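One-letter residues, chain by chain:
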Amino acid sequence: MNILVIGSGGREHTLCWKLVQSPKCKNLYVSPGNAGTSKIATNLGISVIDFESIKEAVIKYKIEMVVVGPEAPLVEGIKEFFESDDQLEKVSLIGPDSKAAKLEGSKSFAKAFMNRHNIPTAKHSEFTLATIDKAFNFLETMSPPYVLKADGLAAGKGVLIINNIYEAKLELKSMLINKKFGQASEKVVIEEFLDGIELSCFILTDGETGITLPFAKDYKKIGEGDKGLNTGGMGAISPVPFANEEFIKKINDRIIEPTLLGLKKDQLPFQGFIFIGLINVGGEPKVIEYNVRMGDPETEVVIPRIKNDLISLFEATANKTLNKIKLEIDSRSASTVMAVSGGYPKAYEKGHFIEGINNVKNALVFHSGTSLEDNKILTAGGRVITVTGLGKDMSSALKKSYEGLEKINYKGMYYRKDIGFDL
Ligand code: AMP
Ligand code: GLY
């Protein structure tokens, strides 16, 4: 089978790494791709939202399956684009349509979905410019920290957690009046702060059956001890020690089942990954957010722990036969540690030569922001490269991640030395 993976990060490199292991994989394409994917697939370099060029490539290369990595093309309606085109309608596309993708694309939509289906989440209210005075009054009734969320997609920056009420009001003004996040903050969700440890839950669903993939935990802050600015993710581990049988049962009964049932009741057909951002509040799981894709860097620890053939899993997703699949999980622990560009998540330099990747022998190297120029691998993004270790326990997995990272070098390289510290 000829397959196209859409995206260019560590998530897509990991998906490609797994897909090429399948005996069913004939030609693998990725678009736009990065230096890492170029070693195992053909990079096409097309933007993830350039649907017309993606269509041309699908026809030209006789692609039969498209796996969508990031949310933007899903929210923009790539699924409908394929379904409504005679030349593309037979291509299997892994990912939901734009209606279901609103679970990620609109916080307000996701909140309404959860409330409608009794799925535990933070209490909230939502406001626009017309109701800004009500928003100020609402803030007065809450206790700090104040959680303000831009309704729409804001490149992962749209959630603000603020301790001081004056600052919270200023931020609210800048979101609603000055459109700090553009259209995304024309509506703002204000919600109760939930105190607890977060974990990421991934479901692969064909719209009928959902298969729960291994749980993972992401480390979002730039600094050690989970301090400093939020990032796209500085590392991840799987499994998650505190996700014991009892806790997983609660997640399953109160969150996963009602989510799948809710999608059906609301007639939101969904064939793809659902990523549920959860928080453990005193032993009770609550939903922080939905995403309609895999997480990054969670993919880099979740996918290597899946033993099944990934193409078979995707075929079953497209054919609605996931009920016939038994997921086989590698019992080993996995860790991944992300190396970033100096300065990230603020301004950073690009174009630095990366050396030493080939010296990593006992771990998997997945590229995030890299490019290939004159056969040299260069930094090309904030998050640059991540190293995944697998081991009999978490400490041996982490040892492999860190030993691997020590072999890699580029100007300004930074990574957290404490991934897994809290477990
Ligand atoms: P989101 O973009 O919704 O995932 O939010 C980004 C991050 O903000 C989450 O991963 C949490 O760490 C934090 N967060 C979001 N909502 C809440 C909340 N209600 N209580 C506490 N932390 C939150
Ligand atoms: N690692 C979090 C995300 O992919 O959104």
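Refer to the preceding data block for the structure.
From a predicted model like this one, the values you see are computed outputs, not experimental measurements.

**Re the overall build of the chain**
Inference 1: Secondary structure summary: the chain contains 12 helices and 22 strands in total.
Inference 2: In terms of overall dimensions, the chain is globule-like: its C-alpha atoms have a radius of gyration of 21 Å, near the 22 Å expected for 423 residues.
Inference 3: Seen through its principal axes, the chain has C-alpha atoms that stretch 60 × 50 × 45 Å.
Inference 4: Scored against the burial criterion, the 423 residues of the chain give a buried share of 56%.
Inference 5: Pairs at least 24 apart in sequence give 68% of the contacts found in the chain among residues at least 6 apart.
Inference 6: In the structure as shown, the chain presents an accessible area of about 18,300 Å², 49% of it carried by carbon and sulfur atoms.
Inference 7: For the chain, the separation between the mean place of its 53 positive charges and that of its 53 negative charges on side chains is 2 Å.

**Describing the packing of aromatic side chains**
Inference 1: Going through the model one piece at a time under the given rule, you end up with 12 aromatic pairs.
Inference 2: Centre to centre, the rings of phenylalanine 127 and phenylalanine 138 are 5.5 Å apart; their planes meet at 45°, and the pair counts as tilted. One end of the pair, phenylalanine 127, is in strand S6 (residues 124-128); the other, phenylalanine 138, is in helix H7 (residues 132-141), and 11 residues separate them in sequence.
Inference 3: Its relative accessible area of 7% is what places phenylalanine 127 among the buried residues.
Inference 4: Taking the centre distance of 6.0 Å and the plane angle of 35° together, the rings of tyrosine 402 and tyrosine 415 count as tilted.

**Topic: the site of ligand 2**
Inference 1: Surrounding ligand 2, one finds Asp218, Gly232, Phe275, Arg293, Gly295, Asp296, Pro297 and Glu298.
Inference 2: Take aspartate 296: an N or O atom from its main chain is 2.9 Å from an oxygen atom of ligand 2.
Inference 3: Taking 200 Å² as the accessible area of ligand 2 by itself, protein coverage stands at 87%.

**Some points on the sheet that holds strand S12 (residues 217-218)**
Inference 1: What the 5 strands build is an open sheet, ordered S12-S15-S18-S22-S19; its pairing is antiparallel. The open sheet terminates on both sides in strands that have one partner only, identified here as S12 and strand S19 (364-367).
Inference 2: In the sheet, S12 pairs with strand S15 (residues 235-238) via 2 bridges, with the strands oriented antiparallel. Residue aspartate 218 lies in a different strand from S15, and its bridge partner there is alanine 236.
Inference 3: On the sheet, helix H12 (residues 394-407) packs against S15, strand S18 (333-340) and strand S22 (383-391) and is oriented at approximately 30° with respect to S18.

**Structural notes on the nonpolar core**
Inference 1: Ranked by internal contacts, the top residues of the largest apolar core, which has 47 residues, are Ile54, Val58, Val66, Ile78, Phe82, Ile276 and Tyr290.
Inference 2: The biggest single contributor to this core is helix H9 (residues 245-265), with 6 residues.
Inference 3: Core analysis: the second largest hydrophobic core is formed by 34 residues, Val67, Ile211, Ala216 and Leu310 among them.

**Remarks on the site of ligand 1**
Inference 1: Around ligand 1, 14 residues are found, and the nearest of them are Glu191, Glu192, Leu194, Glu198 and Glu289.
Inference 2: Between ligand 1 and lysine 107, the relevant distance is 3.0 Å, taken from an oxygen atom to a side-chain nitrogen or oxygen of the residue.
Inference 3: The separation between an oxygen atom of ligand 1 and a polar side-chain atom of glutamate 198 is 2.4 Å.
Inference 4: Considered on its own, ligand 1 offers 470 Å² of accessible surface; in the complex 89% of this is hidden by protein.
Inference 5: Going through the elements one at a time, strand S7 (146-150), strand S8 (159-162) and strand S17 (284-291) are the ones with two or more residues in the shell around ligand 1.
Inference 6: Tallied by class, residues from the shell around ligand 1 come to 7 nonpolar, no polar and 7 charged.

**Points about the pattern of salt bridges**
Inference 1: Under the defined criterion, the tally for this structure stands at 25 salt bridges.
Inference 2: In this structure, the salt-bridge partner of arginine 11 is glutamate 12, at a minimum N-O distance of 2.8 Å. Here the two residues arginine 11 and glutamate 12 agree in accessibility, since each one is buried.
Inference 3: Residue aspartate 266 is joined to arginine 116 by a salt bridge in which the shortest nitrogen-to-oxygen separation is 2.8 Å. Here the residue aspartate 266 occupies a position in the loop between H9 and strand S16 (272-281), and arginine 116 occupies one in helix H6 (residues 107-116), the gap between them amounting to 150 residues.
Inference 4: Each of Glu71, Glu104 and Arg293 takes part in a single network of salt bridges with overlapping partners.

The rules we used
- Residues numbered from 1 in each chain as written.
- Chains lettered and ligands numbered in written order.
- Predicted model: local features only at pLDDT ≥ 70, side-chain atom pairs only at ≥ 80, totals over all residues.
- Heavy atoms only, no water.
- Helix = DSSP H or I, 4+ residues; strand = E, 2+ residues; numbered from the N terminus.
- Rg over C-alpha atoms; globule rule 2.2 N^0.38 Å.
- Buried < 20%, exposed > 50% of the residue type's maximum accessible area, 1.4 Å probe, protein only.
- Contact = heavy atoms within 4.5 Å.
- Areas by Shrake-Rupley, 256 points an atom, 1.4 Å probe, with all protein chains shown as cover.
- Lys, Arg positive; Asp, Glu negative; His and termini not counted.
- Charge placed at Lys NZ, Arg CZ, Asp CG, Glu CD.
- Phe/Tyr/Trp six-rings, centres within 6.5 Å; stacked < 30°, edge-to-face > 60°.
- Near = heavy atom within 4 Å.
- Polar contact = N/O pair within 3.5 Å; in protein donor to acceptor, adjacent residues only side chain to side chain.
- Pairing = 2+ DSSP bridges.
- Axes fitted to C-alpha atoms, helices over the stretch in contact; angles between N-to-C directions.
- Core = buried A, V, L, I, M, F, W, Y, C linked by side-chain atoms within 4.5 Å.
- Nonpolar A, V, L, I, M, F, W, Y, C, P; charged D, E, K, R; others polar.
- Salt bridge = Lys/Arg side-chain N within 4 Å of Asp/Glu carboxyl O.

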